[in-house]
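Take a look at the letters that make up each chain.
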Amino acid sequence: MAVVLAAGLGTRMKSRLPKVLHPLCGRRMIDYVLETAVNATGARPLVVYSPATAAVRDAVADTADTALQDEPRGTGDALRAALASLPADVDEVLVLSGDVPLVRAELLTALLEARTLDHAALSLVAVDAIDPTGLGRVVRNEGGTVERIVEDRDATDEERQITEINAGLYALDAAWLRRRIGDLQSSPGTGEVYLTDLVALAREDGRIVAALDVEDDGRLTGINDRAQLARAEWDLRVETNDRWMRAGVTMMDPSTVYLDHDVELAEDVVLEPNVILRGATRVGERTRIAAGSQISDSQIGSDCVVWASVIERSVVEDHATVGPFSHLRPGAHVGPRSEIGNYAEIKNSHLGEHVRQHHMSYLGDAEVGRDTNVGAGTITANYDGVRKHRTTIGERVFLGVDTMLRAPVTLGDDARTGAGAVVTRDVPAGRLAVGVPARLRPPRPVGPADPVGPMGPGEPVEPSPGTPPPTDGG
Ligand code: UD1
Ligand code: CA
């Protein structure tokens, strides 16, 4: 069973957010540790938190059990708090640090095996660190046996020369641990109770301490400050991008592509420079995400082009184009083969197949039928200052430039509006509405009516009952 220590204050982060909740490639640091712990042990982990990191308890509620350390007195005291909540039949404890997120499950398996093989009281991971600054040093005797761990802040100058560091990952004999944990003393220097002093206690008892020696690949030295957080993010990003490129994704410049942990990409996706894909974003085959796009929690279909645009919690279906400079806000659904162009904004709206919205316009809370053309400057005035109202636009509708649609309002199939029309009443199918406020032109005699002609006398339209007049396009 795995115990994850996450009760420390993480003061070096200089943050109100507990350290282990800081995101790493779009996912909380501790979630990496929990996933790896489950992979290595097959059991639900136990997370130690403190009143100052109570947000951790809430954050892990679905994936782990929790134990409270009433005050963060050090890692040894944190493990003591965990032991109190550990079922009595647990005979081996894997201890992980919430701030060493990039450890791999295979290493933990090896750590567990190393302990069993040597009948050791504990096994630990020792890294030959490129930069050991700030970390606990592994002190060995002449024979090479691990004798104790000395913390950087308590080390002598000579001990500080040691480059072999303690990664803060341990497998422990639970029966021995239960007997001896009460014997940990607080450090005279800092007043903290160090888990690492268990090494010396084991040696006192004549028990073996097994050290698993690993190279420094940058994944095991832990995250204590934001510079280390950025370095870990960099390493993870290089690895993630390599994985997607091997899976068939083209990246023109992988050093400027930012993919969150949960992003999924299909074969022959092309990512141009300066692309950020966040959250649970998925991109379909052969789609090109062109330079300068940011997409979060959205689904983009196959054979699409997204160019220099921002897309949030939206769906774009196959063969659609978006951008340059479009903004799809939450709830935008763009139908197949649709074209969303320059400075177009869409929010909470469903667009059918092959809708064209090319220039400087806003659709909010709208339903738009297939093959409809949204003229430049078209705005749905969906917000009356109190409530949002819906706009329903049929199929093959032609909206003239600068049409204002004052919601709630419905335009039937094949309806048209003149340039600058302010539509405050429903427009029946096939009819043309022009002017301010828009009036219906008489039904077309023979040949096309002039969609941008001056406002004629027309015929009055029936007022739609009830709602106060919307005032802006929010
Ligand atoms: C610790 C080790 C050090 C090792 C390093 C590796 C000790 C005394 N030192 O140092 O030998 O090289 O990790 O990264 O263990 N925590 C609690 N309760 C507390 C204090 C800490 O749960 O009272 C948690 C923290 O949230 C963190 C982990 O334990 O997840 C490690 O604590 P941290 O203060 O970062 O220890 P280091 O100084 O890095
Ligand atoms: Ca640490």
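Describing the sheet that holds strand β33 (residues 391–393)
- Pairing is parallel in the open sheet, where nine strands are placed in the order β14-β17-β20-β23-β26-β28-β30-β33-β36. The strands lining the two open edges of the sheet, one partner per strand, are β14 (264–265) and β36 (409–411).
- Where β14 and strand β17 (residues 282–283) come together, two bridges link them in parallel fashion. When the bridges of β17 are listed, glutamate 264 appears paired with arginine 282.

Thoughts on the confidence of the model for the protein chain
- Here the protein chain averages 94 in pLDDT, while 93% of its residues score no lower than 70.
- Across residues 453–458, where pLDDT falls below 50, the model places twelve contacts with residues more than four positions away in sequence or in other chains.
- Within the model, the stretch residues 460–474 combines pLDDT values under 50 with 33 contacts to residues more than four positions away or in other chains.

Description of the coordination of the calcium ion (ligand 2)
- Those donors, Asp99 (OD) and Asn224 (OD1), are the protein atoms that reach the calcium ion (ligand 2), and they lie 2.2 to 2.4 Å from it. With aspartate 99 in the loop between β6 (92–97) and α4 (105–118) and asparagine 224 in the loop between β11 (209–215) and α8 (226–246), the pair connects residues that are 125 residues apart, well separated along the chain.
- Relative accessible area serves as the criterion here: at 12%, asparagine 224 is assigned to the buried category.

Thoughts on the site of ligand 1
- Taken together, the neighbourhood of ligand 1 is formed by 24 residues, with Leu5, Gly74, Thr75, Glu151 and Asn166 sitting nearest.
- A distance of 2.8 Å separates an oxygen atom of ligand 1 from a polar backbone atom of glycine 8.
- Backbone polar atom of asparagine 166 to an oxygen atom of ligand 1: 2.6 Å apart, as the coordinates give it.
- Considering ligand 1 on its own, with 750 Å² of exposed area, one finds that the protein chains cover 93% of that surface.
- When residues of the shell around ligand 1 are traced back to their parent elements, those giving at least two are α3 (75–85) and β10 (164–173).

Observations regarding the nonpolar core
- Ranked by internal contacts, the top residues of the largest apolar core, which has 47 residues, are Leu259, Leu265, Leu271, Leu277, Val316, Leu328 and Leu411.
- At the level of elements, β13 (257–259), β16 (275–278), β26 (332–334), β27 (339–347), β30 (366–368) and β36 are the ones that each hand at least two residues to this core.
- For this core, the leading source of residues is β27, giving three residues.
- Residues in contact with valine 316, not counting those within four places in the same chain, are Gln299, Ile300, Gly301, Cys304, Ile311, Val322, Leu328 and Val334.

Describing the pattern of salt bridges
- Tallied over the full model, the rule gives 33 salt bridges.
- The partner of arginine 180 in a salt bridge is glutamate 204, and the shortest N-O contact between them spans 3.1 Å. In this pair, arginine 180 is assigned in helix α6 (residues 174–180) and glutamate 204 in helix α7 (residues 198–204), connecting sequence segments 24 residues apart.
- Take glutamate 204: its relative accessible area is 60%, and that puts it in the exposed class.
- For glutamate 353, the salt bridge identified is with arginine 370, shortest N-O distance 3.8 Å. Of this pair, glutamate 353 sits in the loop between β28 (349–351) and β29 (356–364) while arginine 370 sits in the loop between β30 and β31 (373–374), and the two are 17 residues apart along the sequence.
- Judged by relative accessible area, which is 26%, glutamate 353 ranks as partly exposed.

Regarding the domain arrangement of the protein chain
- The domain boundaries assigned to the protein chain delineate domain 1 (2–214) and domain 2 (249–441).
- Just the C-alpha atoms count here: the centres of domain 1 and domain 2 sit 51 Å apart.

What to know about the side chain of glutamine 69
- Here glutamine 69 is to be found in the loop between β5 (65–68) and α3.
- Engagement of the side chain of glutamine 69 in a polar contact is seen with the side chain of aspartate 77, the distance being 2.9 Å.
- Among residues more than four places away in sequence, those in contact with glutamine 69 are Ala7, Val48, Tyr49, Ser50, Pro51, Gly74, Asp77, Ala78 and Ala81.

A word on α8
- Here α8 contains 21 residues, and its C-alpha end-to-end distance of 30 Å stays within 8% of the 30 Å for a straight helix at 1.5 Å per residue.
- Those residues of α8 lying buried are Leu229, Ala232, Leu236, Arg237, Thr240, Asn241 and Trp244. Summarising the axial view, the buried residues of α8 lie within an arc of 165°, below the 170-degree limit, and thus occupy one face. Projecting away from the buried face of α8 at angles above 90 degrees are the exposed residues Arg231 and Arg246.
- Contacts made by the buried residues of α8 are with β2 (23–24), α1 (29–41), β12 (250–251), β13 and β14.
- Two to three positions downstream of the cap, the backbone nitrogen of alanine 227 sits 3.1 Å from a side-chain oxygen, assigning the N-cap of α8 to aspartate 225.
- Phi for glycine 248, located one or two positions after α8, is positive at around 105°.

What to know about the packing of aromatic side chains
- Counted according to the given criterion, the structure contains one aromatic pair.
- Taking the centre distance of 5.6 Å and the plane angle of 20° together, the rings of phenylalanine 325 and tyrosine 343 count as stacked. Separated by 18 residues along the polypeptide, phenylalanine 325 in the loop between β24 (321–322) and β25 (327–328) and tyrosine 343 in strand β27 bring together distant segments of the chain.
- Overall, phenylalanine 325 belongs to the partly exposed group, its relative accessible area being 46%.
- Of note, lysine 388 hangs over the ring of tyrosine 383, and the distance from its end group to the ring centre comes to 5.2 Å.

Describing the side chain of serine 314
- Positionally, serine 314 belongs in the loop between β22 (310–312) and β23 (315–316).
- Residue classification places serine 314 among the buried positions, given a relative accessible area of 2%.
- Setting aside chain neighbours within four positions, we find serine 314 in contact with Asp297, Ser298, Gln299, Leu328, Arg329, Pro330, Gly331 and Ala332.

Observations regarding the packing of α1 against α4
- The contact between α1 and α4 brings their axes to 9 Å, and the two run at 50°. One element, α1, and the other, α4, form an angle in the oblique class. Considering only the axes of α1 and α4, their crossing is right-handed. Together, Thr36, Asn39 and Ala40 of α1 and Ala105, Leu108, Thr109 and Leu112 of α4 make up the contact between the two elements.
- Class assignment for the residues of the contact of α1 with α4 results in four nonpolar, three polar and no charged.

Scoring rules and cut-offs
- Throughout this description, residue numbers start from 1 for each chain and increase along the sequence as written.
- As a convention, the first chain written is A and the first ligand written is 1, with the rest following in written order.
- Local features in a predicted model are, by the rule used here, given only for residues with pLDDT of at least 70; side-chain atom pairs are given and counted only at 80 or more, and totals for whole chains, interfaces and linings are based on all residues.
- Side-chain calculation: all heavy atoms of the structure are included, whereas hydrogens and water are not.
- One bridge is not enough; two strands pair if DSSP finds at least two bridges between them.
- Put simply, DSSP H or I for four residues or longer makes a helix, DSSP E for two residues or longer makes a strand, and each gets a number counted from the N terminus.
- Scored between 0 and 100, pLDDT is the confidence that the predictor attaches to each residue.
- Contact criterion: two residues are considered in contact whenever any of their non-hydrogen atoms come within 4.5 Å of each other.
- Any N, O or S atom lying within 2.8 Å of the metal counts as a donor, with the limit raised to 3.2 Å for Na, K and Ca; because water is left out of the atom set, some sites can appear incomplete.
- Partly exposed residues are those whose accessible area sits between 20% and 50% of the maximum for their type, while under 20% is buried and over 50% is exposed, using a 1.4 Å probe and protein chains only.
- By convention in these notes, a residue is near a molecule or strand provided one of its non-hydrogen atoms lies within 4 Å of it.
- We define a polar contact as two N or O atoms separated by no more than 3.5 Å, with the added condition that, inside protein, one atom must be a possible hydrogen donor and the other a possible acceptor, whereas residues neighbouring each other in sequence contribute only through side-chain atom pairs.
- In short, Shrake-Rupley with a 1.4 Å probe defines the accessible areas, and a residue's cover is counted only from the protein chains shown.
- The nonpolar core is taken to be a set of buried Ala, Val, Leu, Ile, Met, Phe, Trp, Tyr and Cys residues, with the residues joined through side-chain atoms within 4.5 Å.
- Salt bridge criterion: a side-chain nitrogen from Lys or Arg within 4 Å of a carboxyl oxygen from Asp or Glu.
- The domain boundaries here were taken from an automatic or database domain assignment.
- Here a helix's expected span is defined as the number of its residues, less one, multiplied by 1.5 Å.
- Our arc is simply the arc of the directions from the helix axis toward the C-beta atoms.
- The pairing test for Phe, Tyr and Trp rings, Trp by its six-membered ring, is centres within 6.5 Å, and the orientation test on the planes gives stacked under 30 degrees, edge-to-face over 60, and tilted for anything in between.
- The rule is short: NZ of Lys or CZ of Arg within 6 Å of the ring centre and within 35 degrees of the ring normal puts a charge over the ring.
- Each axis is a line fitted through C-alpha atoms, taken for helices only over the stretch in contact, and angles between the N-to-C directions span 0 to 180 degrees.
- To sort the angles, those under 35 degrees are grouped as roughly parallel, those over 145 as roughly antiparallel, those from 65 to 115 as roughly perpendicular, and the leftovers as oblique.
- Here is the rule for handedness: rotate from the far helix to the near one, and if that takes an anticlockwise turn smaller than a right angle the crossing is left-handed, while a clockwise turn gives right-handed.
- Each residue is assigned to one of three groups, with Ala, Val, Leu, Ile, Met, Phe, Trp, Tyr, Cys and Pro labelled nonpolar, Asp, Glu, Lys and Arg labelled charged, and all others, Gly among them, labelled polar.

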